[in-house]
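Each chain, letter by letter, is given below.
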Amino acid sequence: MAYEIEKTDEQWRAQLSPAEFQVLRQAGTERAWTGEYTETKTTGVYRCRACRAELFRSDTKFDSHCGWPSFYAPLAEDRVEYIEDVSMGMKRVEVRCGSCGSHLGHVFEGEGYGTPTDQRYCINSISLTLEPDPSEPGAAGA
């Protein structure tokens, strides 16, 4: 698939830390409970760490207690790309940034969470940056 933002591995390596590159560009996974956004309650927009595309809003984030940030829906369906993943001996659906193709995590359905979509977008914190809502108390610039 052609993406709006395309760079060589060398260009991505120059922009990203080794850990960011491993997850975003090589479809790695950060260890559970280690990411900075796992339990964050800050109001704002979550962006792709690689290209800054808006992906998720904090009002769709929920406590799944799985060790990674969880959302029940992306900002819009064109913001993400879905790829069937059978690399772990089971069928999963990988979620990538629709603008640059960076790996974000996986989406799961039918797990019984009380969310409007019955989906859990299990996303690596290292794949995201949070832009706090400037109108919220305590936000930068508020």
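Residue numbers run consecutively from 1 along every chain, following the written order of its sequence. Confidence filtering applies because this is a predicted model: local features only for residues at pLDDT of at least 70, side-chain atom pairs given and counted only at 80 or more, and all residues used for totals across whole chains, interfaces and linings. Side-chain calculation: all heavy atoms of the structure are included, whereas hydrogens and water are not.

Enquirer: I'd like a rundown of the layout of surface pockets, residues and numbers included.
Expert: Lining residues are those with an atom within 4 Å of a point, where the points come from a 1 Å grid over the protein atoms alone and group into cavities, where a 1.4 Å probe fits but cannot get out, or pockets, open sets with protein on both sides within 12 Å along at least five of seven lines. Grid points are joined across faces, edges and corners, and a volume is the space filled by probe spheres set on the points. In this structure, the largest pocket occupies an estimated 170 Å³ of space. If you trace the largest pocket, you find it lined by Thr-29, Trp-68, Arg-92, His-103, Gly-105, His-106, Phe-108, Arg-120, Cys-122, Ile-123 and Asn-124. Of all the elements in the fold, those that place two or more residues in the lining of the largest pocket are strand 7 (103-109) and strand 8 (119-123). Of the residues forming the lining of the largest pocket, the biggest block, four residues, is contributed by strand 7. Residues are grouped as follows: nonpolar covers Ala, Val, Leu, Ile, Met, Phe, Trp, Tyr, Cys and Pro; charged covers Asp, Glu, Lys and Arg; every other residue, Gly included, is treated as polar. Here the lining of the largest pocket is composed, by residue class, of four nonpolar, five polar and two charged. The way it works is that DSSP assigns letters per residue, a run of H or I at least four long becomes a helix, a run of E at least two long becomes a strand, and they are numbered from the N terminus.

Enquirer: Account for the side chain of His-106, with residues named and values stated.
Expert: Among the structural elements, His-106 can be located in strand 7. Residues adjacent in sequence count toward polar contacts only when both atoms are side-chain atoms; beyond that, a polar contact is any pair of N or O atoms within 3.5 Å, and within protein one must be able to donate a hydrogen and the other to accept it. At a separation of 3.4 Å, a polar atom in the side chain of His-106 contacts the side chain of Arg-92.

Enquirer: I'd like a rundown of the packing of aromatic side chains, residues and numbers included.
Expert: Aromatic pairs are defined between Phe, Tyr and Trp rings, using the six-membered ring for Trp, whenever the two ring centres lie within 6.5 Å; interplanar angles under 30 degrees are classed as stacked, those over 60 as edge-to-face, and all others as tilted. Taken as a whole and judged by the stated rule, the model has six aromatic pairs. On the basis of an interplanar angle of 85 degrees and a centroid distance of 5.5 Å, the ring pair of Tyr-37 and Tyr-46 is categorised as edge-to-face. For each residue, the accessible area found with a 1.4 Å probe, counting protein chains only, is set against the maximum for its type, and the residue is called buried under 20%, exposed over 50%, and partly exposed in between. You can call Tyr-37 buried: its relative accessible area is 9%. When its relative accessible area of 0% is taken as the criterion, Tyr-46 is described as buried. Counting every residue linked through ring pairs, the aromatic cluster contains Tyr-37, Tyr-46, Phe-56, Phe-71, Tyr-82 and Tyr-121.

Enquirer: An account of the pattern of salt bridges is requested, with residue identities and associated values reported.
Expert: One side-chain nitrogen of Lys or Arg within 4 Å of one carboxyl oxygen of Asp or Glu is enough to make a salt bridge. Overall, the coordinates contain 10 salt bridges when judged by the stated rule. Notably, a salt bridge pairs Asp-63 with Lys-41, separated by 2.8 Å at the nearest N-O pair. Here Lys-41 lies in the loop between helix 2 (18-24) and strand 1 (44-48) and Asp-63 lies in the loop between strand 3 (61-62) and strand 4 (70-71), a separation of 22 residues in the sequence. Of the residues examined, Asp-63 reaches a relative accessible area of 42% and is grouped as partly exposed. Overall, the relative accessible area of 59% leaves Lys-41 in the exposed class. With its nearest N and O atoms 2.8 Å apart, the salt bridge here joins Arg-47 to Glu-131. A residue pair is termed long-range when its members are at least 10 positions apart, and Arg-47 in strand 1 and Glu-131 in strand 9 (residues 128-132) qualify at 84 residues. The structure contains a network of salt bridges with shared partners spanning Arg-47, Arg-52, Glu-54 and Glu-131.

Enquirer: Would you mind going over the nonpolar core in detail, with residue names and values included?
Expert: Throughout this description, the term nonpolar core refers to a set of buried Ala, Val, Leu, Ile, Met, Phe, Trp, Tyr and Cys residues connected via side-chain atoms within 4.5 Å. The biggest cluster of nonpolar side chains holds 23 residues, and the ones touching the most others in it are Leu-55, Phe-56, Cys-97 and Leu-128. Contact definition: two residues touch when any of their heavy atoms are within 4.5 Å. Apart from residues lying up to four places away in sequence, Cys-97 is in contact with Tyr-3, Cys-48, Cys-51, Ala-53, Leu-55, Arg-79, Ser-102 and Leu-104.

Enquirer: Which residues make up the environment of His-65, and what values go with them?
Expert: Within the secondary structure layout, His-65 lies in the loop between strand 3 and strand 4. Here His-65 falls in the exposed class, since its relative accessible area comes to 66%.

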